[in-house]
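Structural overview for review
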Amino acid sequence: MYEKNRIMAMLQNKQVPLGMQLFTGHPALIEILGITGFDFVMIDTEHSANDARKLEDLVRAADSVGLFTFVRVSKHEDESDIHRALEAGAQGIFLPLIKTAEDVKRAADAAFFPMKGKRGICPSLRAARYDWKHFDQYVAWNNTEILLVPMIEQVEALDNIDAICALDDVKMLVFAAGDLAYAMGEASRMMDSPLVRDAYRKVLDSAKRHNVAVIGGPVLDPTPDGCRKAIQAGVTIMCLGLDTMAFRRACEQTVTALGAGVEGTGFTRAAAPPSGFKN
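First things first, this report covers the structure right here in the doc. (Residues numbered from 1 in each chain as written. Predicted model: local features only at pLDDT ≥ 70, side-chain atom pairs only at ≥ 80, totals over all residues. Heavy atoms only, no water.)

Side note on the overall build of the protein chain
A count of helices and strands for the protein chain gives 12 helices and eight strands. Taking 19 Å as the expected radius of gyration for a compact globule of 279 residues, we find that the protein chain reaches 20 Å, a close match to that expectation. With the C-alpha coordinates aligned to their principal axes, the bounding extent of the protein chain is approximately 70 × 40 × 35 Å. Taking all 279 residues of the protein chain together, 46% fall into the buried category. Within the protein chain, contacts between residues separated by at least 24 positions form 63% of all contacts whose residues are at least 6 apart in sequence. As displayed, the protein chain offers around 14300 Å² of accessible surface, 55% of which is attributable to carbon and sulfur atoms. Each charge class in the protein chain was averaged separately, 31 positive and 36 negative side chains, and the resulting centres sit 2 Å apart. (Helix = DSSP H or I, 4+ residues; strand = E, 2+ residues; numbered from the N terminus. Rg over C-alpha atoms; globule rule 2.2 N^0.38 Å. Buried < 20%, exposed > 50% of the residue type's maximum accessible area, 1.4 Å probe, protein only. Contact = heavy atoms within 4.5 Å. Areas by Shrake-Rupley, 256 points an atom, 1.4 Å probe, with all protein chains shown as cover. Lys, Arg positive; Asp, Glu negative; His and termini not counted. Charge placed at Lys NZ, Arg CZ, Asp CG, Glu CD.)

Structural data, given as structure tokens:
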């Protein structure tokens, strides 16, 4: 009645899942992701205006094109955020600003039903198909298939990375180079920072020891070489691009193309505004 976790199945078959972060909250963009070959979408509620009511329709859009849905909650300790995302039908939760294994355990209590967790029951949910007769099946599925994904973006998480990776409920994690760089005083250097690169290796080593998949890749500028290097380093799930930033890049490329195209035609265009990307 409820399907097995497709992302875990892809990993077991040595396939590399591909997803993108969604900030706009527009279902058409989710449909486009599914149509063009993405495997999952990560709907953001930490840095965007996406809310609990909107989530249901966004997950419906993802379901319609066969996308697995993650939701990044606003706070890892916000039990209501976790409940609402799962009740809308999300199949995985990104947990921001994790510092310790205890942080993950608290989120697990909110995500899983007794006897595994402490989540309250209610059959009047989209995720449960508004079905009391088969609610026990939904509970069993939820407690087996739902993914909790710690985001490693705090210095304290590096100190506790082995304990985090050792948790049974941690099947994958995110190495968040942006937040981590700022937490280390490296501003926006990200992987250009030796400190961040050392942290990256530490997280990858721990994840490998504990058989935990790592989500990452060249987020802002996906290239074949960048993807290959990430896979060779140990990243097995690619989350490439943010919908807003991907649109900005497309807009910049379009403006640049027209600027070059008018040269020699007798027409002119104003110089393009400065790019919002470092490269």
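Comments concerning the packing of aromatic side chains
Two measures describe an aromatic ring pair: the distance that separates the ring centres and the angle between the ring planes. Summed over the entire model, instances satisfying the criterion amount to 11 aromatic pairs. Here phenylalanine 40 and phenylalanine 70 contribute two aromatic rings whose centre-to-centre distance is 5.3 Å and whose plane-to-plane angle is 85 degrees, an arrangement assigned as edge-to-face. Here phenylalanine 40 is found in strand 2 (residues 40–44), whereas its partner phenylalanine 70 is found in strand 3 (residues 68–72), with 30 residues between them in sequence. A residue is classified by how much of its surface remains accessible, and phenylalanine 70, at 0% relative accessible area, is buried. Among the aromatic residues, those joined into a ring-pair cluster are Tyr2, Phe113, Trp132, Phe135, Tyr138 and Trp141. The cationic tip of lysine 116 hangs over the ring face of phenylalanine 112; the distance from NZ or CZ to the ring centre is 4.0 Å. (Phe/Tyr/Trp six-rings, centres within 6.5 Å; stacked < 30°, edge-to-face > 60°. Lys NZ or Arg CZ within 6 Å of the ring centre and 35° of its normal.)

Describing the pairing of strand 5 (residues 147–152)
Burial analysis of strand 5 places six of its six residues in the buried class, the great majority of the element. Burial along strand 5 is two-sided: the residues Leu147, Val149 and Met151 and Leu148, Pro150 and Ile152 are all buried. Of the strand pairs in this sheet, strand 4 (residues 92–95) and strand 5 are connected by four bridges, and their pairing is parallel. Across the sheet, residue phenylalanine 94 finds its bridge partner in strand 5, namely valine 149. In this structure, strand 5 lies alongside strand 6 (residues 172–175), joined through two bridges in parallel fashion. Note on strand 6: the bridge partner recorded for isoleucine 152 is phenylalanine 175. (Pairing = 2+ DSSP bridges.)

As for the layout of surface pockets
Of the volumes computed, that of the largest pocket is approximately 1500 Å³. Top contributing element to the lining of the largest pocket by residue count: helix 11 (residues 224–233), with five residues. Grouping the constituent residues of the lining of the largest pocket by class yields 24 nonpolar, 10 polar and 11 charged. Looking at the second largest pocket, its volume works out to about 590 Å³. (1 Å grid on protein atoms, 1.4 Å probe; cavity = no way out; pocket = protein on both sides within 12 Å on 5 of 7 lines; lining within 4 Å. Points joined across faces, edges and corners; volume = space filled by probe spheres on them. Nonpolar A, V, L, I, M, F, W, Y, C, P; charged D, E, K, R; others polar.)

Quick word on a nonpolar patch on the surface
On the surface, Met190, Met191 and Leu220 cluster together into a nonpolar patch covering about 220 Å² of accessible area. Relative to the assigned elements, methionine 190 resides in the loop between helix 9 (177–183) and helix 10 (194–209). (Patch = residues over 30% accessible without salt bridge, like charges linked within 9 Å, V, L, I, M, F, W, Y side chains within 5 Å. Salt bridge = Lys/Arg side-chain N within 4 Å of Asp/Glu carboxyl O.)

Some words on the packing of helix 3 (residues 52–64) against helix 4 (residues 79–88)
Interaxial distance between helix 3 and helix 4 falls to 8 Å at its minimum, and their mutual angle equals 30 degrees. One finds that helix 3 runs roughly parallel with respect to helix 4. Along this stretch, helix 3 crosses helix 4, giving a crossing that reads as right-handed. Between helix 3, through Ala52, Leu55, Glu56 and Val59, and helix 4, the contact on the second element is made entirely by Arg84, Ala85 and Ala88. Of the residues belonging to the contact of helix 3 with helix 4, the class tally is five nonpolar, no polar and two charged. (Axes fitted to C-alpha atoms, helices over the stretch in contact; angles between N-to-C directions. Parallel < 35°, antiparallel > 145°, perpendicular 65-115°, else oblique. Left-handed = near helix turned anticlockwise from the far one by under 90°.)

Describing the side chain of glutamate 145
By secondary structure assignment, the location of glutamate 145 is in helix 6 (residues 135–145). Take glutamate 145: its relative accessible area is 9%, and that puts it in the buried class. Setting aside residues up to four positions removed in sequence, glutamate 145 forms contacts with Glu3, Lys4, Asn5 and Gln91.

Overview of the nonpolar core
Ranked by size, the top nonpolar core spans 67 residues in total, and within it Ile30, Ile43 and Ile82 carry the most contacts. The residues touching isoleucine 43, leaving out its near neighbours within four places in the chain, are Leu22, Ile30, Asn50, Leu55, Leu58, Val59, Thr69, Phe70, Val71 and Arg72. Phe40, Phe94, Ala213 and Ile215 belong to the second-largest nonpolar core, a separate cluster that totals 17 residues. (Core = buried A, V, L, I, M, F, W, Y, C linked by side-chain atoms within 4.5 Å.)

Focus on helix 5 (residues 101–111)
Taken as a whole, helix 5 has its buried residues at Ala101, Asp103, Val104, Ala107, Ala108, Ala110 and Ala111. Against helix 4, strand 4, helix 6, strand 5 and helix 8 (161–165) lie the buried residues of helix 5. The residue sitting at the N-terminus of helix 5 and contributing the capping side-chain oxygen is threonine 100; that oxygen lies 3.3 Å from the backbone nitrogen of glutamate 102. (Polar contact = N/O pair within 3.5 Å; in protein donor to acceptor, adjacent residues only side chain to side chain.)

It is worth stressing that arrangement in space is one thing and function is another; only the former is reported here.
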